2 protein chains.
Amino acid sequence: MRGVAKTVLSAVLGTVLAFSVAQAYEVPAHEVPVPDTVSDALKKSIERGVNRGWNHVPKDAAAWNRAVANSAAHGEKRAMALASELGVTVEEGTMAGVKVFTLLPSEVKPENQDRLLLHIHGGGYVFSPGKSGIGEGVMMAAKGGYKVISIDYRMAPDHPYPAALDDAMAVYKAALEQYPADRIGVFGTSTGGGMTLALVLRAKAEGLPLPGAIAPGTPWSDLTKTGDSYYTHEGLDTVLVSYEGMIRGAAEIYAAGHDMKDPYLSPVYGDFTGFPPVLLTSGTRDIFLSNTVRVHQKMREAGVNADLLVIEGLSHAGYCMLPMDAAEARFHFGELDRFFSKYLAKKAD
Amino acid sequence: MRGVAKTVLSAVLGTVLAFSVAQAYEVPAHEVPVPDTVSDALKKSIERGVNRGWNHVPKDAAAWNRAVANSAAHGEKRAMALASELGVTVEEGTMAGVKVFTLLPSEVKPENQDRLLLHIHGGGYVFSPGKSGIGEGVMMAAKGGYKVISIDYRMAPDHPYPAALDDAMAVYKAALEQYPADRIGVFGTSTGGGMTLALVLRAKAEGLPLPGAIAPGTPWSDLTKTGDSYYTHEGLDTVLVSYEGMIRGAAEIYAAGHDMKDPYLSPVYGDFTGFPPVLLTSGTRDIFLSNTVRVHQKMREAGVNADLLVIEGLSHAGYCMLPMDAAEARFHFGELDRFFSKYLAKKAD
């Protein structure tokens, strides 16, 4: 597989060279050791090397659907085991006709009684349907004692853009009928982070009240191959590995010919003025580090209260894939808990 | 030189392999293009490729002194030209017997009349003596309309640890006789960032009042080769390039046999409890990204109000090397200005 990866990367880099031969420099091949500065759980994950499926891109819609169904079967088992372990109940339902899961911790904290977190799962607008998408929502419900509603939005290839965002908007509007906007937080990772940003951009455009706080984790803020870390962290990020695999495949099948620089697809091109407080997370090996920091810088320049975490040794979305008690997951979810606790309004407010 | 770099890196990686052969994976050689997402000035800097002097480590004290003197001659000219261009006056003096430069902008802003910024320059505890070290202080004085005192502390090889920190402490104590601690800010980049952290650790240990706010830019928080980005960004960072050059050389000649994990040398090992508000800056190509985020995470876990900026496309300390009007320098110094303006006390407070 390592040989295959090298060949594919060389092919990719040939393209790069074609337009930037006088404007690039070479980083020599190098082994990256397992850092001493991360949790044992993350060490074990890094020892396994890069995700071997990163460039197995399905070649048509039927193949996508088979790949998604296969991974969802495993994902659902893992997520339900996690819910059971953490004492989170999972209830299926619909809001405004969209499938959702209500995730309830063993105890909703008193200060969170009148608050709601909306969770938007990741998976490149193709993966993690149904219960296989709830894991991160379960972790947050348990960590902070929140009621979480996880949105099971429609996805590509059967439902390309704007179906996913339409579904998230429909659930957000339905939530607004039950909760004041300033008691609603929205969060999600990767595609879920990008959708969190797009949801607020669209709520602004539609004149809706904005959520009280949002936490887009390592957001897929640019569907095009634009941004430094798509190149600099190629082959380094153990989860996504390279744009030239699942990332490009998923971007193309979701955008389905729509302009990928539309802010509802690539929210880094949107106007963040007026956004509520934001907490962004990435990692030192994350291929979406630039997707994260470009959004952060643009938000700060627009006067938004935007905070950034970059976690040592972490690849894309790594905090969702570690046990809750690993230092990196504890840090990320602990920060999200403090963040929502600080910025979401309470009934007494 | 590229051939040389490869050979040196391979030698280094041989060592890495020796202790982590079963725990590492290989990142293939790859060209990194100039990002579309950075300023024209940064693009030009990246187009020049990596710093060709990164591994020209002087072999004895006399050779260090010659290398420092050579680079200081150029550095002083650049710094004085910058001061003149930005309308900052430079006055030589001493505080508590330590050489300092008082940097005064054309106008000290009204709200900054009774505030002081202490600047601690970078340079690996060996480079940038005298006026060659004031550039960053000049930029900050001009950007925010602050009175800045830049500390010309003693350095290796003639004055190894703890001379540099002793001098910074002496100036801080002298400043405390003129300003309440909560109107004093401390900032600096690289070694100056590490010293900013060490100064607060030592002020805590000595029971002194702490400064009102500090901004350690991409701080040299770990003098040992510990932390993910020393490895992952090897050959990528255009400024420092690799630990196995000037970094190791400077660490050894400054520490001079002292334990490099002493928090006064490697402040990441210190206890940050009780620190004032902190603003940290790094970049997506910075070999000190881990030096920065390890400090950030530890501070947040200690309950410190610590904020992080990671600037797109930037290598180590890049914001100090760009024109003031480049987007990256504007962002960094603009954030520092807002930060000190927000957190330093004023006379009326």
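Source: prediction; values computed, not measured.

1. A few points about the overall build of chain A
Then step 1. Tallying secondary structure elements over chain A gives 11 helices and 10 strands in all.
Then step 2. Here the C-alpha coordinates of chain A stretch approximately 60 × 40 × 40 Å along the principal axes.
Then step 3. In chain A, which comprises 349 residues, the share counted as buried stands at 62%.
Then step 4. Accessible area of chain A: about 12,300 Å², with a carbon and sulfur share of 52%.

2. Concerning helix 4 (residues 135–144) of chain B
Residues and elements named next belong to chain B.
Then step 1. The buried fraction of helix 4 is high, at 8 of 10 residues.
Then step 2. Buried within helix 4 we find G135, E136, G137, V138, M139, M140, A141 and G144.
Then step 3. Positive backbone phi, at 65°, marks G145, one or two positions downstream of helix 4.

3. Thoughts on the relation of the copies chain B and chain A
Copies of the same chain, two in number, are related to each other by a rotation about an axis and a translation along it.
Then step 1. Taken as rigid bodies, chain B and chain A are interconverted by a rotation of 180° and an axial shift of 0.0 Å, the fit giving an RMSD of 0.0 Å. Interpreted geometrically, this transformation is the action of a two-fold axis. If distances are taken from each C-alpha of chain B to the rotation axis, the shortest is found for A29 of chain B, at 1.9 Å.
Then step 2. The share of interface residues of chain B whose copies in chain A are also at the interface is 100%, consistent with both copies meeting through the same surface.

4. Overview of the interface of chain B and chain A
Then step 1. Contact with chain B, which involves 58 residues of that partner, is made by 58 residues of chain A.
Then step 2. Here chain B and chain A share an interface that buries about 5,600 Å² over both sides, 58% of which is from carbon and sulfur atoms.
Then step 3. Three residues, Y25, H30 and E31 of chain B, lead the burial of chain B against chain A; their summed loss comes to 16% of the area buried on that side.
Then step 4. Where chain B packs against chain A, one counts 6 salt bridges.
Then step 5. Two residues, R300 of chain A and D307 of chain B, come together in a salt bridge whose shortest N-O distance is 3.0 Å.
Then step 6. Between chain B and chain A we count 21 residue pairs in polar contact (both at pLDDT 80 or more) in total.

5. What about the sheet that holds strand 7 (residues 184–189) of chain B?
All names here are of chain B.
Then step 1. A sheet is described by the order of its strands in space; here 8 strands give the open sequence 3-4-6-5-7-8-9-10, paired in mixed fashion. Of all strands in the sheet, those with a lone pairing partner are strand 3 (89–95) and strand 10 (306–311), marking the two edges. Strand-to-strand twist in this sheet, taken as the mean axis angle between neighbours without regard to direction, amounts to 20°.
Then step 2. Where strand 5 (residues 116–120) and strand 7 come together, 5 bridges link them in parallel fashion. What sits directly across from I120, in strand 7, is G188.

6. Topic: the pairing of strand 4 (residues 98–104) of chain B
All names here are of chain B.
Then step 1. Counting buried positions over the 7 residues of strand 4 gives 5, a clear majority of the element.
Then step 2. Judged from the 7 bridges that link them, strand 3 and strand 4 form a sheet pairing that is antiparallel. Of the residues in strand 4, the one forming a bridge with G93 is V100.
Then step 3. Hairpin remark: strand 3 followed by strand 4, antiparallel, with 2 residues in the connecting loop; positive phi at A96, about 50°.

7. Structural notes on the environment of H121 of chain B
Residue and element names in this part refer to chain B.
Then step 1. Tracing the sequence through the fold places H121 in the loop between strand 5 and helix 4.
Then step 2. The exposure class assigned to H121 is buried, which follows from its relative accessible area of 2%.
Then step 3. Linking H121 and G135, residues 14 residues apart in sequence, is a C-alpha distance of 8.4 Å.
Then step 4. Residues in contact with H121, not counting those within four places in the same chain, are F127, S128, G133, I151, Y153, M155, T189, T191 and G192.

8. As for the packing of helix 4 of chain B against helix 11 (residues 327–343) of chain B
Residue and element names in this part refer to chain B.
Then step 1. Direction vectors running N to C along helix 4 and helix 11 enclose 65°, while the axes themselves pass 10 Å from each other. Seen along the crossing, helix 4 lies across helix 11 with a hand that is right-handed. Where helix 4 approaches helix 11, its residues E136, M139, M140, K143 and G144 are matched on the opposing element by R330, F333, G334, L336, D337 and F340.
Then step 2. Residues that form the contact of helix 4 with helix 11 fall into these classes: 5 nonpolar, 2 polar and 4 charged.

9. Some remarks on the pattern of salt bridges
Then step 1. Evaluated as defined, the whole model comprises 38 salt bridges over all chains.
Then step 2. A salt bridge links D337 of chain B to K109 of chain B; its shortest N-O distance comes to 3.4 Å. One end of the pair, D337 of chain B, is in helix 11; the other, K109 of chain B, is in the loop between strand 4 and strand 5, with 228 residues separating them in the sequence.
Then step 3. Members of the salt-bridge network, linked through shared partners, are K225, E234, E244, R248 and E252 of chain A.

10. Quick word on the sheet that holds strand 10 (residues 306–311) of chain A
Sheet strands line up and pair through hydrogen bonds in the backbone, either parallel or antiparallel.
Residues and elements named next belong to chain A.
Then step 1. An order of 3-4-6-5-7-8-9-10 is seen for the 8 strands of this open sheet, with the pairing classed as mixed. Strands at the two margins of the open sheet, each flanked by one partner only, are strand 3 (89–95) and strand 10. Averaged over neighbouring strand pairs, the angle between their axes works out to 20° when direction is ignored.
Then step 2. Contacts between helix 11 (residues 327–343) and the sheet are confined to strand 5 (116–120), strand 7 (184–189), strand 8 (213–217), strand 9 (278–283) and strand 10, with strand 8 contributing the most and set at about 160° to the helix.

11. Comments concerning the nonpolar core
Considering soluble globular proteins, one finds that nonpolar side chains tend to be buried as a cluster.
Then step 1. Ranked by size, the top nonpolar core spans 134 residues in total, and within it F275 and M299 of chain A together with F275 and M299 of chain B carry the most contacts.
Then step 2. Every residue in contact with F275 of chain A, bar those within four places of it in the chain, is listed here: L197, V200, L201, K204, I214, M299 and V304 of chain A.

12. A closer look at the packing of aromatic side chains
Then step 1. In total, this model carries 26 aromatic pairs over all chains according to the counting rule given.
Then step 2. Consider the rings of F272 of chain B and F275 of chain B, whose centres lie 5.2 Å apart with planes at 75°: the pair is edge-to-face.
Then step 3. By relative accessible area, which is 7% here, F275 of chain B ends up buried.
Then step 4. Through successive ring pairs, a cluster of aromatic residues spans Y125, Y161, W220, Y230, Y243, Y254 and F288 of chain A.

13. A word on helix 6 (residues 191–205) of chain B
All names here are of chain B.
Then step 1. End to end, helix 6 covers 21 Å across 15 residues, agreeing with the expected 21 Å (1.5 Å per residue, within 8%).
Then step 2. Among the 15 residues in helix 6, 13 count as buried, and that is most of the element.
Then step 3. G207 occupies a position one or two residues after helix 6 and carries a positive phi of about 75°.

14. Regarding the side chain of T224 of chain B
Residue and element names in this part refer to chain B.
Then step 1. Residue placement: T224 occurs in the loop between strand 8 (213–217) and helix 7 (228–232).
Then step 2. A polar side-chain atom of T224 sits 2.6 Å from a polar atom in the side chain of D222.
Then step 3. Polar side-chain contacts of T224 include one of 2.7 Å to the side chain of T226.
Then step 4. Not counting chain neighbours up to four residues away, the residues in contact with T224 comprise Y230, Y243, M260, K261, S266 and Y269.

Calculation notes
Residues numbered from 1 in each chain as written. Chains lettered and ligands numbered in written order. Predicted model: local features only at pLDDT ≥ 70, side-chain atom pairs only at ≥ 80, totals over all residues. Heavy atoms only, no water. Helix = DSSP H or I, 4+ residues; strand = E, 2+ residues; numbered from the N terminus. Buried < 20%, exposed > 50% of the residue type's maximum accessible area, 1.4 Å probe, protein only. Areas by Shrake-Rupley, 256 points an atom, 1.4 Å probe, with all protein chains shown as cover. Least-squares fit on C-alpha atoms with pLDDT ≥ 70 in both. Contact = heavy atoms within 4.5 Å. Buried area = accessible area lost by both parts, 1.4 Å probe. Salt bridge = Lys/Arg side-chain N within 4 Å of Asp/Glu carboxyl O. Polar contact = N/O pair within 3.5 Å; in protein donor to acceptor, adjacent residues only side chain to side chain. Pairing = 2+ DSSP bridges. Axes fitted to C-alpha atoms, helices over the stretch in contact; angles between N-to-C directions. Left-handed = near helix turned anticlockwise from the far one by under 90°. Nonpolar A, V, L, I, M, F, W, Y, C, P; charged D, E, K, R; others polar. Core = buried A, V, L, I, M, F, W, Y, C linked by side-chain atoms within 4.5 Å. Phe/Tyr/Trp six-rings, centres within 6.5 Å; stacked < 30°, edge-to-face > 60°. Expected span 1.5 Å × (residues − 1).

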